Amino acid sequence: MDEAIVHRLWIIGGVLAGLLIVAPGLIWLERRMLALWQDRYGPNRAGPFGLLIVLADTLKLFFKEDWVPPFADRFVFVIAPAIVVVTVLLSFIVVPFAPGVIVSDLNVGILYFLAMSSLGAYSIILGGWASNNKYSLLGAMRGAAQMISYEVFMGLSMMGVVLISGSFSLHTIVEAQKGMWFVVPQFVGFVTFLIAGIAETHRLPFDIPESESELIAGFHSEYSSMKFGLFFVGEYLGIILISSLTVSLYFGGWLGPGFLPPLAWFCLKTFAFICFFILLRASLPRPRYDQLMEYGWKILLPVAILNLVVTAGVILFLK
Amino acid sequence: MFSIARSLWITFLHMFHKRDTVQYPEQKNKLTTRWRGRIVLTRDPDMGERCVGCYLCAAACPVDCISLQATEDEHGRRYPEFFRINFSRCIFCGYCEEACPTYAIQLIPDFEMSEYNRQNLVYEKDELLIDGPGKYPGYNFYKVAGVAIGGKGKGENENEMPPVDVKSLLP
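Model, not experiment: these values are computed from the prediction. (Residues numbered from 1 in each chain as written. Chains lettered and ligands numbered in written order. Predicted model: local features only at pLDDT ≥ 70, side-chain atom pairs only at ≥ 80, totals over all residues.)

A.B. asks: Account for the interface of chain A and chain B, naming residues and giving values.
C.D. replies: Counting residues at the interface gives ten residues for chain A and eleven residues for chain B. Of all the secondary-structure elements, those providing two or more residues to the side of chain A that touches chain B are α1 (3-37) and α10 (262-283) of chain A. The biggest single contributor to the side of chain A that touches chain B is α10(A), with three residues. By residue class, the composition of the side of chain A that touches chain B is six nonpolar, two polar and two charged. (Contact = placed C-beta atoms within 7 Å. Helix = DSSP H or I, 4+ residues; strand = E, 2+ residues; numbered from the N terminus. Nonpolar A, V, L, I, M, F, W, Y, C, P; charged D, E, K, R; others polar.)

Structure below.
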């Protein structure tokens, strides 16, 4: 086989394997970090530091009864959890882990990511719809509204970066941050992007589609076994995705002092953002649904647009 | 916005706090002496059984987990023929201890009585009886009660006067 194709296959396999190993590992990480911030220990019995809890959890999920409710729309019900994992995994195609370590450097990278995350909304909507259950439907409705309205200014907030670097390709964007990370000139864009990202992965405090205290588990209350597991893995993959995108867009991706390899810098920064996601979960309460909508449309959307206009104006002025 | 950042920061600082967890099987909490745990039957200082089989504990028990049968020995001293506590029912309320007139039944600071077999939670008298006076050292019911048993008549106890001959008081 061609040398280049083999190399490409290695990268694809490496990225896929890495993500699918790290995503369940995040279950452990999240529980340990939450415990740390709540003055507890978390899982620390099985294996060193309780790491084998991941294995135990996965095995448990596999052996649970895989049950499709008789009132559910069977085909859609089965397909929904796969959609979230597939779309998030597809989004990773454009994430530059290190120079050369990227599955495909699409020249429309950011647009591609936005398209994939929009498709991800379908898993929630279809999952909640196919469950044929009022709580699931309510969760799906909230999820749809939340993801669509937060996607609007998620795209807008990234446009500042695109304006400065002049490219949609994430590889070029990271290269453009050699002089200064974009978090400095684009701080407002960074904050809005991060908030939109949290809402996009429907993580706490924006876990309104699945809010367990009001909607039981929202869109996935009818799911069991590995179908539920897929929703779970999709959520954790989403955290990794948003963290790695924040790093590539605003924190210089793999760039960093030379004593660590580029991949290590990327992983380190992404890890810091994953921990920040968990910290958010540990400290913030869930807003009400109308507060969430109001916050998105009345505050963050104008801020994102303003940021875009000011950035464009400054660039025009400098030219 | 400020309060959000503040609560994030406060939560972050908890990283450096001491953890509250007690790592149970290795590390144990100190139980107070008045802890209501496993139930035992205690003995006199002279190692006689304190229980006189009055059934008050069984009557007080809200979940009916105590069952016993009273009998008498050759000295006329009452004792339980069998004494059975079903710990799978027991709620450790301590009413039996409060009902007991002879301090025989007592709850002690021990709760580690897990079993794989439910039947093993039914404790018989030989498992309940301990070789000591429990929380009341020195108390001996038959030494202070005015009951006649073999080897000891009425009025021969400590702090006790011989019984009054009621007939002599007649005018």
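A.B. asks: Before we move on, could you go through the sheet that holds strand β2 (residues 66-72) of chain B and cite the residues and values that matter?
C.D. replies: All names here are of chain B. The strand order β2-β3-β5 describes an open sheet built from three strands, whose pairing is antiparallel. Where the open sheet ends on each side, the last strands, each with one partner, are β2 and β5 (122-123). By the bridge criterion, two bridges tie strand β3 (residues 78-86) to β5 in an arrangement that is antiparallel. The residue bridging N86 from the neighbouring strand is V122, located in β5. (Pairing = 2+ DSSP bridges.)

A.B. asks: Account for helix α4 (residues 109-130) of chain A, naming residues and giving values.
C.D. replies: Taking 1.5 Å of rise per residue, the 22 residues of α4(A) would be expected to cover 32 Å, and the 32 Å separating its terminal C-alpha atoms lies within 8% of that figure. N132(A), located one to two residues past α4(A), shows a positive phi value of around 55 degrees. (Expected span 1.5 Å × (residues − 1).)

A.B. asks: So what about the environment of S149(A)? Which residues, and what values?
C.D. replies: Residues and elements named next belong to chain A. Within the secondary structure, S149 is located in helix α5 (residues 134-165). On the basis of neighbour count, S149 is assigned to the partly exposed category, with 19 C-beta atoms found within 10 Å. Spatially, the C-alpha atoms of S149 and A196 are 9.2 Å apart, while their sequence positions differ by 47 residues. Discounting chain neighbours no more than four positions away, the residues touching S149 are M293, G296 and W297. (Buried ≥ 20, exposed ≤ 12 C-beta atoms within 10 Å, placed from the backbone.)

Nothing here speaks to function; it is geometry throughout.
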